Amino acid sequence: MEFSSKLLENAVYEVSQLPGIGKRTALRLVLHLLKQPLERTEHLSNALLKLKGEVNFCKQCHNISDTELCEICANPKRDESLVCVVEDIRDVMAIENTSQYNGLYHVLGGKISPMEGIGPQDLNIVSLVNRVKEGTVKELIFALSSTMEGDTTNFYIYRQLEGLEVTTSTIARGISVGDELEYADEVTLGRSILNRVPFESSMKTT
Ligand SMILES: [Zn+2]
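Values in this document were obtained by computation on a predicted structure and should not be read as measured data.

**Some thoughts on the pairing of strand β6 (residues 167–170)**
Looking down a regular strand, the side chains alternate between one sheet face and the other. Judged from the four bridges that link them, strand β5 (residues 139–142) and β6 form a sheet pairing that is parallel. Across the sheet, Leu140 pairs through a bridge with Thr168, a residue of β6. Handedness of the β5-helix α7 (residues 148–160)-β6 crossover: right-handed. Across two bridges, β6 lies against strand β7 (residues 197–198) in antiparallel orientation. Its bridge partner lying in β7, Thr170 is registered against Val197.

What follows is the structure, given as C-alpha cells:
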C-alpha cells in the first residue's frame, strides 16, 4: 500500500496491529477519524490510555474491575460455593448474558498452549487452587472451549486439585468442538451450564 503521507502511514500501521484488522480496514478507520472533529480522536485515545493505566483486576476472580473486588464477587446474592473456570473475561460476559448462572467465576487469563509458549505458570491457576483450599468452594465448573488446549488445561487443574474436597464438572457439550464460548448462543450456553456433567465422566468419553 502506497501512502501519500508518512503520518497517515504510521496511523494505519498502528491500527492494523490490532487483531482482526487488516491494512484496508485500518485505512478506512483512520480516514473516518480524520473526518471527525478532533474531540473524537481525543476521547478515543484518552479512554484507551485511561483503561491501560488504571485498569484493575478483581483480587479474587481476576475479572476486570474498577474496584478491588468485582461486582460479581462482592454480590452477597451469588452462590460462592460454585465457581466457573473460564479462559477470559469475554466468557464471563457471555455466561452472564445467559442469566442462568448464579455462582462466581475464576478467570484463568488463557489456556495452556505449548505451541504458543503458554505454561501453567502464566495462568491464574495457583490462585484458583488456593481458593479451593480455603474451603468455601464446593464445585468447580470447567467452561473452557473444547479444544485440545482447553482439555489440557482442565486436566492440569484437575490434577492440581487431587486430595481437595471439591466436585469438578464440565459444561455439557451442546457447544461443538472448537467453538469459542463467546460465540455460543445464550440459550445453548445457558443450557450447557445447567446440564453440566461430572468432569471424570467427560474424560472417559473423549
Ligand atoms: Zn471477582
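**Considerations on the sheet that holds β7**
Strand order in the open sheet made by the five strands is β4-β3-β5-β6-β7, with mixed pairing throughout. The open sheet has two edge strands, β4 (103–107) and β7, and neither has a second partner. Note that strand β3 (residues 79–86) and β5 share four bridges and pair parallel. Directly across from Val85, in β5, lies its bridge partner Phe142.

**Section: the domain arrangement of the protein chain**
What the domain assignment lists for the protein chain is domain 1 (6–54) and domain 2 (57–205). A separation of 34 Å is found between the C-alpha centroids of domain 1 and domain 2.

**Focus: the pairing of β4**
Taking burial as the measure, the five residues of β4 include four buried ones, the bulk of the element. The pairing of β3 with β4 spans five bridges and is classified as parallel. Its bridge partner lying in β4, Val83 is registered against Leu104. Viewed along the sheet, the connection from β3 through helix α5 (residues 89–98) into β4 turns out right-handed.

Scoring rules and cut-offs
- Residues numbered from 1 in each chain as written.
- Predicted model: local features only at pLDDT ≥ 70, side-chain atom pairs only at ≥ 80, totals over all residues.
- Pairing = 2+ DSSP bridges.
- Helix = DSSP H or I, 4+ residues; strand = E, 2+ residues; numbered from the N terminus.
- Right-handed = clockwise from strand over helix to strand, strands pointing away.
- Domains from an automatic or database assignment.
- Buried ≥ 20, exposed ≤ 12 C-beta atoms within 10 Å, placed from the backbone.

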